Amino acid sequence: MNTYDIITLTVNPALDKSTHFKGLVAEQKIRCSEPRFDAGGGGINVSKAISRLGGSSLAVFTSGGPLGKMLEELVAKESIAYQAVPVQSWTRESFVAVDDNTNSQYRFGFTGGEITDEEELTVLEAIANLKPKFLVGSGSLSEGISSDFYQKVAEIAKKSNSKLIVDTSGEALEKVLQTGAFLIKPNVGELAKLIGVERLEMEEVNDAAKQIIAKGGAEIIVVSLGPQGAVLVTKDNYEFVPAPNVAKRSTVGAGDSMVGGMVWALSQNKSLKEVIRWGVACGSAATMNEGTQLFKGSDAQRLFDWLTNK
Ligand SMILES: Nc1ncnc2c1ncn2[C@@H]1O[C@H](COP(=O)(O)OP(=O)(O)OP(=O)(O)O)[C@@H](O)[C@H]1O
Ligand SMILES: [Mg+2]
């Protein structure tokens, strides 16, 4: 039996490799510092964030080839329980390089190999058997996976009485709304796309989210606004939490950290006011660290306290 309240699902994980160099010059060999390897991908990052807050979760992800093995090792090193679904194609890599001369960050993402229909089914079966309280689907979909994948996950969540949290974009997210999720976390651009407009002004966010809620797409919509913070919208609530002013190093993983913070808070039965504050605190704390590192628990706690007492 599954003993974890929270399960995270990552169908398209990545082995994150990061490094530093001085000066980007074409045709020349660019010397890079010793690479740092991290396990990456939406759901895995959410599991890491939960663990930084002292919580636990089970990370379910696909794993293929030697890079998949490395990914598993890195997840285990973070003391995160996991269930890897073996797939034929190799787990993909992503590459982050920082130019120390300019402090600019270059982020390269590779397309992963195809996931077969049978492999997709194995992932769905694994999820259906686990029946957690909270199920988190996060990140992009691998090649070969149909765009209604998260919708199928939503159907499983409904049957298992799991509260589904989804953080993805485009068609994959649109389809989830047809079945309905407990919580979605689009950024403002993703929300605009969902309701079919070019862009949304801050004062239009509440109405846009309420439209989706009224149609049964989600119970809670948290719209993240980057350095401006986030808003939480339910049928009857609207809560805006500004982001604290922090010394920003890298915004990689801010969205995943935010989702991790909120899911952890939900699992601790915190109020929605606290849930959104934990989300903003963890998202902003993540921007204080370099590259693919997420956040320090102590930073998140300090920012949460500041947001609560200000
Ligand atoms: N520059 C920043 N300064 C302070 N906090 C930030 C900054 N950027 C992001 N955050 C925090 O992180 C949260 C999520 O960020 P954002 O809205 O950029 O998510 P996202 O677009 O989903 O990001 P991702 O690229 O990780 O998917 C914000 O609500 C905020 O709390
Ligand atoms: Mg995001």
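Here's a quick rundown of the structure. Everything numeric here is computed off the predicted structure, so don't read it as measured data. (Residues numbered from 1 in each chain as written. Chains lettered and ligands numbered in written order. Predicted model: local features only at pLDDT ≥ 70, side-chain atom pairs only at ≥ 80, totals over all residues. Heavy atoms only, no water.)

### Here we look at the packing of aromatic side chains
Inspection of every chain in the model, using the stated rule, returns six aromatic pairs. Taking the centre distance of 4.2 Å and the plane angle of 10° together, the rings of W278 and F304 count as stacked. Of this pair, W278 sits in helix 9 (residues 272–287) while F304 sits in helix 10 (residues 297–309), placing them 26 residues apart in sequence. The two residues W278 and F304 agree in class, both being buried. Following the ring pairs from residue to residue traces out a cluster consisting of W264, W278 and F304. One Lys or Arg, K163, reaches over the ring of F182 and ends 5.1 Å from the middle of that ring. (Phe/Tyr/Trp six-rings, centres within 6.5 Å; stacked < 30°, edge-to-face > 60°. Helix = DSSP H or I, 4+ residues; strand = E, 2+ residues; numbered from the N terminus. Buried < 20%, exposed > 50% of the residue type's maximum accessible area, 1.4 Å probe, protein only. Lys NZ or Arg CZ within 6 Å of the ring centre and 35° of its normal.)

### With respect to the side chain of T91
You can see T91 is positioned in the loop between strand 5 (81–86) and strand 6 (92–99). Looking at T91, the relative accessible area reads 6%, which means it is buried. Side-chain polar atoms of T91 contact the backbone nitrogen of G64, separated by 2.9 Å. Non-local contacts of T91, meaning those with residues more than four positions away in its chain, are made with P13, A14, L15, T62, S63, G64, L67, G68 and L71. (Polar contact = N/O pair within 3.5 Å; in protein donor to acceptor, adjacent residues only side chain to side chain. Contact = heavy atoms within 4.5 Å.)

### Quick notes on the sheet that holds strand 3 (residues 36–40)
Read from one edge of the open sheet, four strands run 3-2-6-7, paired in mixed fashion. Each end of this open sheet is capped by a strand with a single partner; those strands are strand 3 and strand 7 (104–109). Geometrically, the sheet is characterised by an average inter-axis angle of 20° between neighbouring strands, direction not taken into account. (Pairing = 2+ DSSP bridges. Axes fitted to C-alpha atoms, helices over the stretch in contact; angles between N-to-C directions.)

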